[in-house]
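Geometric and topological summary
One-letter residues, chain by chain:
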Amino acid sequence: MGIRFILMVNKQGQTRLAQYYEYLTLEQRRALEGEIVRKCLARNEQQCSFVEHRNYKIVYRRYASLFFLVGVDNDENELAILEFIHLIVETMDQHFGNVCELDIMFHLEKAHFMLEEMVMNGHMVETSKSNILAPIQLMEKAV
Amino acid sequence: MALSGMRGLSVFISDVRNCQNKEQERLRVDKELGNIRTKFKNEKGLSPYEKKKYVWKMLYIYMLGYDVDFGHMETVSLISAPKYPEKQVGYIVTSCLLNENHDFLRLAINTVRNDIVGRNETFQCLALTMIGNIGGREFAESLAPDVQRLLMSSSCRPLVRKKAALCLLRLYRKNPDVVNVDGWSDQMAQLLDERDLGVLTSAMSLLVALVSNNHDAYWSCIPKCTRILERLARNQDVPQEYTYYGIPSPWLQVKTMRALQYFPAIEDPNTRRSLFEVLQRILMGTDVVKNVNKNNASHAVLFEALALVMHLDAEKEMMSQCVALLGKFIAVREPNIRYLGLENMARMLMVTDMQDIIKRHQAQIITSLKDPDISIRRRALDLLYGMCDVSNAKDIVEELLQYLSTSDFAMREELSLKVAILAEKFAPDLSWYVDVILQLIDKAGDFVSDDIWFRVVQFVTNNEDLQPYAALKAKEYLDKPAIHETMVKVSAYLLGEFGHLLARRPGCSAKELFSLIHDKLPTVSPPAISILLSSYAKILMHTQPPDPELQNQIWAVFRKYESCIDAEIQQRAIEYLALSRKGAALMDILAEMPKFPERQSSLIKKAEDAETDTAEKSAIKLRAQQQTSNALVVTDQQPLNGTSPVGPLSIVKVPSMSSDMDAGDHGLTQSNGSLSEMGQHATTPDLLGDLLGPVAIEAPPSASVQSEQNFVSDQEVSSSVVDVLALAPAEELTSAVQPIGNIAERFQNLCLKDSGVLYEDPYIQIGIKAEWRMHHGRLILFLGNKNTSPLVSVLALILSPAHLKMELSLVPEIIPPRAQVQCPLEVVNIRPSRDVAVLDFSYKFATSLVNVKLRLPAVLNKFLQPASVSMEEFFNQWRSLSGPPLKLQEVVRGVRPMTLLEMANLFTNYRLTVLPGLDPNPNNLAACTTFCSESTRAMLCLVRIETDPADRSQLRMTIASGDPMLTFELKEFIKELLVAILMTSPAPAPTPPPATELAIPAAASTDPGAMLAGLL
């Protein structure tokens, strides 16, 4: 079981952050992002947060204009991933203070640092917000 | 909005953002790439800050979907920067841009290593993370020991160790040898004592990866996992930062329960009890709350607990509780819970005895088939498909057919395939099957693949009773004004082949049938026209005496297509015309199709192929595999009440996907190959090939196309061609029969259980059900024909050893299609012996003769009855049986290592009663049992095993009974149990026992010297 990729995509379908945990070529990434964005963005609030795609699942959640899409193996615990997305958002909130699409866009490196502290090779490393943010805060103090 | 520390990067990002269209964006990106390229070229002038900035720009461009084919070197070189900010960028961007096989990674290996062994823990973290994400084999070999050391080091802080755990997981995946199983299992267990939840979360992922490959080595982790669950779910003993909406780390709970699902069973009763206590608490204590996040998190835990309960085969009561919960979930409004309820209910189907309880929810599940959400509809479809069996097939298939007309396009193909498979697998009678498939083609022709209608044709061809019915149905559909092309094909084919069977009905004369078919010709495509032409030729042949008017009509059609641009159609038209002028000779060549050889339904194969694997074997799949091996297939289905000549399809189980099954198909494909060499254009795929192959018998060698006249006059040539072709497939088929599953393993399973499958191949399945009473036994052999045509020359002989009296009731020589016959076999045990009875079974199918010799599970332990004696009785008896030959002692070496508990379980499984506490030494084990045979009557046997905790590979055993032969046989029997690796759990044995290990004790038992040594 594991996370295959984490995507953050806005309403218009533009990718704001992409982190893959299995190697895909650029063409494969482009095709995949196109397909799943089309699939997930068309869904409404009354539908569930899971979409089956090829031989894996996408667990997604929408926050205002931003969609968080996480690709996982079929036997992964879907609700655990759904709440893990929320944990990512809460962590970013804590750092940026009411995080928005632009924060992620213009602080690409910080978003990457945070994800790096939370997920490694498709597995969760840390779920405590203060532990996740500690290295980033340390760095900011140093600057 | 606070801007990033790197101004240039922010400017670039907002430039891209302000682009009006994709073209502008491309221009801006190209400009930037050019800029970066020049900067990198004169690298000398670049400050670390600038380098860092450009590398981030590259990552951003890459994320937008543009190729970045340079600058990798610069990125990798940042890894060796002395300062943290640059180093960090180097590591992170490298793991985003490069893959594990990239050459540049090798350049960094030394730096990475230095960072790992160095003292700076932030550097350690960076290096571990990158290897954890993209490290390959090379890294695994050179860095694994260092990573292991960090993970186990007491001086390392948790922030390093949690990364080391996942890094090791990656290295283990790349090269499993880096983790030495023997040494590592203790360390893994030790890791689970960790207090820090970050380290524990990572360690649990590592454990999941390790046990999914080899659970045997990690037994000691089970109690630890249970304790972690207790700590989280019961004691809530977790730091505040790790509780999520009041729930102690839901992710760690989920992961821990997942790890437990990779163990086939949990044997230690204490651990099992504590685990069930926690699970029960989770099942009962999860309430629906207002807060979405809390609700999701608690249900994540709940669903994982459900999965674990199912896996552990809990008591029926707890299972029913689970189904009740799931039943509640599939009816709630919350779509996520509804989806998961359906998904987990489908998993529940794999638990034995649960199907009936699940069936109660059928109505609700059917409602979900109409849910507005496609994800939910898919789950409902899957579940209905899984729960379908003979009892509800009609309802479910009809429901699915109805749904087909309104379902979305994305699902229709899958749906059609599933309907076709269910109809085939569970048809109560074959005419229903034909009805369903024709309806399917009618409603969703576009989504019905050729395989589906080929299969109908095969069934109809192989079952004479079905032919008039199918032809009539075909005619009814052709009467409709607009029908799908596939319907035209199948109807034309059926009417061509079997239309003459309807001749006496009104409106079904050859002429009427022809015009009915011919009406459709203008509407169909060339492949269908070829089929129509064949069917005209058949109609012509069946019209005896010839009807000149019809003949002229058909000839006119053939002539018209003689000059058709499509080569296939042209060839058929020319040849049919020539052949049909031959009059009587036509009869032989265009005779009815021979029966099709049986093969696995290509549909089922297709459905199985569609299920693609994920990298890691999931626990559920593993379980499914374990279950197929001991699935009891026998169903008590009454034969139909005479009206239908076809037996019920009750024995058709889901054929497990096995490469053996392709054998039949394979032979055929080859035979098609030989056909096409003879001049037939086999442009159509495999199945169409062998469907139309024999029709195309009339297709002559290519030479005759050129000189048609010559061919027609030369009768001999054509008949020899026919002979060759007709024989070819038959010869290909012999020796293609391979058993499904492992025969030895099945036998071994049956030695422990009283019902199950003894043997299976593509044509037949032999099941056994046994009852044992004292020294009598009654076995019932269930012989199930899996085909649509009969098995003949069935012969069953029992080769019984001298100590068993066996009587098999009459086995019929023919087993009708899809039928099952039951043959009782009476067994009487005369005296103790370990010899095994053999069933010599043979049958003929088509031209292949199959003969197998199968060991029958009428083994010594079946005549044992668990006995219970008091301590006093045991010792009295023990003392009275003072020495050889009534009491034998032997030191057994080469025992497979097992704990005393495992040994006790093994004994219990073989009906020896273990008497705990009887022997004061905790390393010893005493047991007793009663053996029944005609010569000994019921006789008490006593067993004592003395083990050496320092060396588990040897033990001393003492067996005592009132009969010398019994004592000896029982001793040898138990010895075999202890030495050979018999499967006590349903899990597939990881490796077969090495032959040498088995051979040594066996030799010892026949060697008088060794025997004597044993007795002393």
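For clarity, every value in this text was computed on a predicted model and none was experimentally measured.

Before going further, it helps to examine the overall build of chain B. When its secondary structure is counted, chain B shows 44 helices and 16 strands. Put simply, chain B has 1016 residues, and 56% of those count as buried. Sequence separation of 24 or more characterises 68% of the internal contacts of chain B that already satisfy a separation of 6 or more. Entry remark: accessible area of chain B is about 42700 Å², with carbon and sulfur atoms responsible for 53%.

A few words now on the sheet that holds strand 2 (residues 15-20) of chain A. Residues and elements named next belong to chain A. Spatially, the five strands line up as an open sheet ordered 2-1-5-4-3, and their pairing is antiparallel. Only two strands of the sheet have a single partner each, and these edge strands are strand 2 and strand 3 (50-53). For this sheet, the mean angle separating the axes of adjacent strands, direction not counted, is 20°. Across seven bridges, the pairing between strand 1 (residues 3-10) and strand 5 (residues 66-72) is antiparallel. What sits directly across from phenylalanine 5, in strand 5, is glycine 71.

Below, the discussion takes up the packing of helix 6 (residues 103-117) of chain B against helix 7 (residues 121-134) of chain B. All names here are of chain B. Interaxial distance between helix 6 and helix 7 falls to 8 Å at its minimum, and their mutual angle equals 140°. Looking at the two axes, helix 6 sits oblique to helix 7. Pair helix 6 / helix 7 crosses with left-handed handedness. For the pair formed by helix 6 and helix 7, the contact residues are Leu105, Val112, Asp115 and Ile116 on the first element and Phe123, Gln124, Ala127, Leu128, Met130, Ile131 and Ile134 on the second.

This part takes up the interface of chain B and chain A. A common way to express how large an interface is: the accessible area buried when the components associate. Listed as interface residues are 75 residues of chain B and, on the opposing side, 60 residues of chain A. Summed over both sides, the interface of chain B with chain A buries roughly 6200 Å², with 56% coming from carbon and sulfur. In this structure, the connection of chain B to chain A is made through six salt bridges. A salt bridge links A:Asp75 to B:Arg258, with the shortest nitrogen-to-oxygen separation between them at 3.9 Å. Taken together, the links from chain B to chain A amount to 29 residue pairs in polar contact (both at pLDDT 80 or more). Grouping the amino acids of the side of chain B that touches chain A by side-chain chemistry returns 36 nonpolar, 22 polar and 17 charged.

All names here are of chain B. All chains considered together, the criterion is met by 23 aromatic pairs over all chains. With a centroid separation of 5.2 Å and 50° between ring planes, the pair formed by phenylalanine 303 and phenylalanine 329 is classed as tilted. Linking phenylalanine 303 in helix 15 (residues 292-311) with phenylalanine 329 in helix 16 (residues 316-329), this pair joins segments that are 26 residues apart in sequence. Judged by centre distance (6.0 Å) and plane angle (75°), the rings of tyrosine 910 and phenylalanine 973 are edge-to-face.

Let's shift gears to unusual backbone geometry. Residue and element names in this part refer to chain B. Cis geometry is found at the peptide bond from proline 884 to proline 885, where omega equals 0°. Along the chain, the position of proline 885 falls in the loop between helix 40 (871-880) and strand 12 (887-893). Backbone geometry at methionine 774 places phi at a positive 50°, although glycine is not the residue there. With respect to the helices, strands and loops of the structure, methionine 774 is situated in the loop between strand 4 (764-773) and strand 5 (776-785). With a relative accessible area of 40%, methionine 774 lands in the partly exposed category.

Right, let's get into the pattern of salt bridges. All names here are of chain B. What the rule picks out here adds up to 67 salt bridges over all chains. In this structure, glutamate 568 engages arginine 572 in a salt bridge whose closest nitrogen and oxygen atoms are separated by 2.7 Å. Within this pair, glutamate 568 and its partner arginine 572 are both found in helix 30 (residues 567-580), separated by four residues, close to a single helical turn. When sorted by exposure, glutamate 568 lands in the same class as arginine 572, which is buried.

A separate point is the pairing of strand 14 (residues 924-933) of chain B. Residues and elements named next belong to chain B. Among the ten residues of strand 14, ten are classified as buried, and the element is accordingly described as predominantly covered. Residues Asn924, Ala926, Cys928, Thr930 and Cys932 line one face of strand 14 and the alternating positions Leu925, Ala927, Thr929, Phe931 and Ser933 line the opposite face, and both faces are buried. Bridge analysis of strand 11 (residues 864-866) against strand 14 gives three bridges, and the strand direction is antiparallel. Pairing of proline 866 across the sheet is with threonine 929, part of strand 14. With two bridges connecting them, strand 13 (residues 913-914) and strand 14 associate as antiparallel partners. Along strand 14, the bridge assignment pairs valine 914 with alanine 927.

What follows concerns helix 3 (residues 48-64) of chain B. Residues spaced three or four apart along an α-helix face the same direction, because each turn holds 3.6 residues. Residue and element names in this part refer to chain B. Here helix 3 contains 17 residues, and its C-alpha end-to-end distance of 25 Å stays within 8% of the 24 Å for a straight helix at 1.5 Å per residue. Here helix 3 lies mainly inside the structure; 14 of its 17 residues are buried. Positive backbone phi, at 105°, marks glycine 65, one or two positions downstream of helix 3.

Residue and element names in this part refer to chain B. Scored by pLDDT, chain B has a mean of 80; 82% of the residues are at 70 or more. In this model residues 611-735 is a low-confidence stretch, pLDDT under 50, and it forms 186 contacts with partners more than four residues away in sequence or in other chains. Note that residues 982-1016 has pLDDT below 50 and, in this model, 36 contacts with residues that lie over four places away or in other chains.

Further remarks concern the sheet that holds strand 8 (residues 820-829) of chain B. Residue and element names in this part refer to chain B. With antiparallel pairing, the five strands of this open sheet are ordered in space as 3-4-5-8-7. Each edge of the open sheet carries a strand with a single partner, namely strand 3 (755-760) and strand 7 (804-808). On average, each strand axis in the sheet is inclined to that of its neighbour by 25°, with strand direction left out of account. Judged from the five bridges that link them, strand 7 and strand 8 form a sheet pairing that is antiparallel. Bridge pairing in strand 8 links glutamate 807 to glutamate 826.

All names here are of chain B. As for its placement among the helices and strands, leucine 849 is situated in strand 10 (residues 848-855). Assessed through its relative accessible area of 60%, leucine 849 is described here as exposed. Spatially, the C-alpha atoms of leucine 849 and valine 737 are 8.9 Å apart, while their sequence positions differ by 112 residues. Apart from residues no more than four positions distant in its own chain, leucine 849 is found in contact with Tyr843 and Lys844.

Residue and element names in this part refer to chain B. Across the eight residues of strand 9 (residues 838-845), six count as buried, placing the element largely inside the fold. Relative to strand 9, strand 6 (residues 792-799) runs antiparallel, the two being bridged by six bridges. Looking at the pairing, leucine 799 lines up with valine 838 of strand 9. Two strands pair when backbone bridges link them, and strand 9 and strand 10 are joined in this way by eight bridges, in the antiparallel orientation.

Scoring rules and cut-offs
For every chain, the first residue of its written sequence is number 1, and the numbers climb from 1 along that sequence. Working convention: letters from A go to chains and numbers from 1 go to ligands, in the order in which they are written. pLDDT decides what is reported in this predicted model: residues at 70 or higher carry local features, side-chain atom pairs at 80 or more are listed and counted, and totals for whole chains, interfaces and linings draw on all residues regardless. Side-chain measures were taken over the full set of non-hydrogen atoms in the model, leaving aside hydrogen atoms and water. Only runs of H or I of at least four residues qualify as helices and only runs of E of at least two qualify as strands under DSSP, and these elements are numbered from the N terminus. Burial status follows relative accessibility: with a 1.4 Å probe on protein chains alone, a residue under 20% of its type maximum counts as buried, one over 50% as exposed, and anything between as partly exposed. Whether two residues are in contact is decided by their heavy atoms: any pair within 4.5 Å suffices. Each accessible area is a Shrake-Rupley estimate made with a 1.4 Å probe; only the visible protein chains count as cover when residues are assessed. Strands qualify as paired when DSSP identifies two bridges or more between them. Axis definition: a line fitted to C-alpha atoms, limited for helices to the stretch in contact. Angles are taken between N-to-C directions and run from 0 to 180 degrees. In what follows, roughly perpendicular refers to angles from 65 to 115 degrees, roughly parallel to angles under 35, roughly antiparallel to angles over 145, and oblique to any angle outside these ranges. By definition, turning the near helix anticlockwise from the far helix through less than a right angle yields a left-handed crossing, and turning it clockwise yields a right-handed one. Here's the idea: put two parts together, see how much 1.4 Å probe accessible area each one loses, and the total over both is what we call buried area. One speaks of a salt bridge when a side-chain nitrogen belonging to Lys or Arg is within 4 Å of a carboxyl oxygen belonging to Asp or Glu. Nitrogen and oxygen atoms within 3.5 Å of one another constitute a polar contact, given that in protein one can donate a hydrogen and the other can accept it, and given that sequence-neighbouring residues count only through two side-chain atoms. Here the term charged refers only to Asp, Glu, Lys and Arg, the term nonpolar to Ala, Val, Leu, Ile, Met, Phe, Trp, Tyr, Cys and Pro, and the term polar to all other amino acids, Gly among them. Centre distance within 6.5 Å is the pairing criterion for rings of Phe, Tyr and Trp, where only the six-membered ring of Trp is used; planes under 30 degrees apart are then read as stacked, over 60 as edge-to-face, and the remainder as tilted. Given a helix with a known number of residues, its expected span is that number minus one, times 1.5 Å. A residue's pLDDT is the predictor's confidence in that residue, given on a scale from 0 to 100.

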